Amino acid sequence: MLDVAAQNGPLFDQLADKAAEVIRSGRYILGPEVAAFEREVADFIGVEHAIGVSSGTDALMVALMALGIGPGDEVITTPFTFFATGGCIARVGATPVFVDIRPDTFNIDVEQVAAAVTEQTRAILPVHLFGQACDMEGLTGIAAKHGLPLIEDAAQAVGTKSPLGPVGSLGAYGCFSFFPSKNLGGFGDSGLVTTNDSSLADKARVMRAHGSNPKYYHAVIGGNFRIDALQAALLRVKLPELEGWTARRRENAVRYDAAFSASGLDENLLQPPPRRFEGHIYNQYVIRTSRRDELQAHLQAEKIATAIYYPVPLHRQKCFSQLGYREGSLPVSEQASREVLALPIFAGLGDARQRRIIDTVIGFLSR
Ligand SMILES: *Cc1c(COP(=O)(O)O)cnc(C)c1O
């Protein structure tokens, strides 16, 4: 699906020099590399404040904790996402309220968000899935109407733009991940919290360091959610390449789109992902097909890697069974789980490899 070592290859000397510099500096926790990375990545994203943290999951934890969300509170979110989105809501003691997605973008359905707001709702947590922005006009409208903070899960959307502006800058907090398979991948785990509000930025910084302010004085309980200086330093080497890698992903998406549209196959056999907004960064390129499992097996036999994001929507996970969502309760997400298949889209995919994937997919589905 993705050759991370190949992507880092051309940068090897720069990365190794940077790692040596950090090792010699003796500054391994926060410090100048982290401060510099926070400044540079905030500029890249287009947001005032960036706070480096230990993972994308911890970015969500910091955001929820900084907003004081806990037991008795409800947070509205999508079930069609990576586990951390719902897991973090439960970990702070709040209740995830899952609402269904749109069938075209796989992103949360704004009308269903509006209908799910109750007296207990304390936040809305949309996910910019696969690198495509949610309907932020709709979501910011609902948030403003009810006075609720928006936490954007932008783990798959570093550099994604929505018509309203860069994702991660439109709500109370944005949460990003530098897991190695994300568009900006580190060398282990790390993540980022973003905000345009300086008092929310301060709260996130306090949460990142056990809630201490000043050191050894704790008005609130936080955790150890710090980014490693080494991760920050190495991400600084990769950040200038990100725009180019994203352009390459978009070119790959355009080639898939054109070939799949020209295939003449029925929509239920092969549906390329619609792009509703420019500014999609294609963390994943996800097709739908009613023959998903057979197609995946065939591609595997042809040594073409694919992935299923996500095979079980969160409302149907065993750990959330006490929430009482039955099979059929969020049908669009459930159908997506049966039909989605992610194809390789990474920057270094190359023409010949992509041609072979396209021919194999269309060839199989035409039979
Ligand atoms: C990757 C991801 C996360 C978690 O990020 P980690 O850095 O792996 O902890 C959260 N939400 C979504 C949507 C993700 O894709």
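Residues numbered from 1 in each chain as written. Predicted model: local features only at pLDDT ≥ 70, side-chain atom pairs only at ≥ 80, totals over all residues. Heavy atoms only, no water.

**Looking at the domain arrangement of the protein**
(1) Moving on: In terms of domain boundaries, the protein breaks down into domain 1 (4–240) and domain 2 (242–365).
(2) Moving on: Distance from the C-alpha centre of domain 1 to the C-alpha centre of domain 2: 24 Å.
(3) Moving on: Tallying the contact residues gives 45 residues for domain 1 and 34 residues for domain 2.
(4) Moving on: Taken together, both faces of the contact between domain 1 and domain 2 bury some 3,400 Å²; the carbon and sulfur share is 64%.
(5) Moving on: Summed over the three residues of domain 1 that lose the most area to domain 2, namely Phe98, Phe130 and Asn183, the buried surface amounts to 22% of that side.
(6) Moving on: Summed over the shared surface of domain 1 and domain 2, the result is zero salt bridges.
(7) Moving on: Along the contact surface separating domain 1 from domain 2 lie 16 residue pairs in polar contact (both at pLDDT 80 or more).
(8) Moving on: For the side of domain 1 that touches domain 2, the secondary-structure elements that each account for two or more residues are helix 5 (83–91) and strand 3 (95–98).
(9) Moving on: Its residues placed into classes, the side of domain 1 that touches domain 2 shows 24 nonpolar, 14 polar and seven charged. (Domains from an automatic or database assignment. Contact = heavy atoms within 4.5 Å. Buried area = accessible area lost by both parts, 1.4 Å probe. Salt bridge = Lys/Arg side-chain N within 4 Å of Asp/Glu carboxyl O. Polar contact = N/O pair within 3.5 Å; in protein donor to acceptor, adjacent residues only side chain to side chain. Helix = DSSP H or I, 4+ residues; strand = E, 2+ residues; numbered from the N terminus. Nonpolar A, V, L, I, M, F, W, Y, C, P; charged D, E, K, R; others polar.)

**A short note on the sheet that holds strand 5 (residues 151–153)**
Hydrogen bonds between backbone atoms are what pair the strands of a sheet, whose relative direction is either parallel or antiparallel.
(1) Moving on: Spatially, 1-9-8-5 is the arrangement adopted by the four strands of the open sheet, whose pairing is mixed. This sheet does not close on itself; its edge strands, each paired only once, are strand 1 (49–53) and strand 5. For this sheet, the mean angle separating the axes of adjacent strands, direction not counted, is 20°.
(2) Moving on: Both strand 5 and strand 8 (residues 173–177) contribute to a ladder of three bridges, which runs parallel. What sits directly across from Glu152, in strand 8, is Gly174. (Pairing = 2+ DSSP bridges. Axes fitted to C-alpha atoms, helices over the stretch in contact; angles between N-to-C directions.)

**Digging into the packing of helix 2 (residues 12–25) against helix 9 (residues 229–238)**
(1) Moving on: Where helix 2 contacts helix 9, the axes come no closer than 9 Å and their chain directions differ by 150°. Accordingly, the angle class assigned to the pair helix 2 and helix 9 is roughly antiparallel. As helix 2 packs across helix 9, the resulting crossing turns out to be right-handed. For the pair helix 2 and helix 9, the contacting residues are Gln14, Leu15, Lys18, Ala19 and Val22 in the first and Ala229, Leu230, Ala233, Leu234, Arg236, Val237 and Lys238 in the second. (Parallel < 35°, antiparallel > 145°, perpendicular 65-115°, else oblique. Left-handed = near helix turned anticlockwise from the far one by under 90°.)

**Thoughts on the site of the ligand**
(1) Moving on: Around the ligand sit 14 residues, and of these Gly56, Thr57, Gln156, Ser177 and Lys182 come closest.
(2) Moving on: Note that an oxygen atom of the ligand is positioned 2.8 Å from one of the backbone N or O atoms of Gly56.
(3) Moving on: With respect to the ligand, the side chain of Lys182 contributes an N or O atom lying 3.0 Å from an oxygen atom.
(4) Moving on: Look at the ligand: alone it shows 380 Å² of surface, and the protein chains cover 93% of it. (Near = heavy atom within 4 Å. Areas by Shrake-Rupley, 256 points an atom, 1.4 Å probe, with all protein chains shown as cover.)

**Re the sheet that holds strand 3**
(1) Moving on: Read from one edge of the open sheet, three strands run 3-2-4, paired in parallel fashion. Each having just a single partner strand, strand 3 and strand 4 (121–125) make up the two edges of the open sheet. Taken pair by pair, the neighbouring strands of this sheet meet at an average axis angle of 30°, ignoring direction.
(2) Moving on: Judged from the four bridges that link them, strand 2 (residues 74–77) and strand 3 form a sheet pairing that is parallel. In the strand pairing of strand 3, Glu74 is matched with Thr95.

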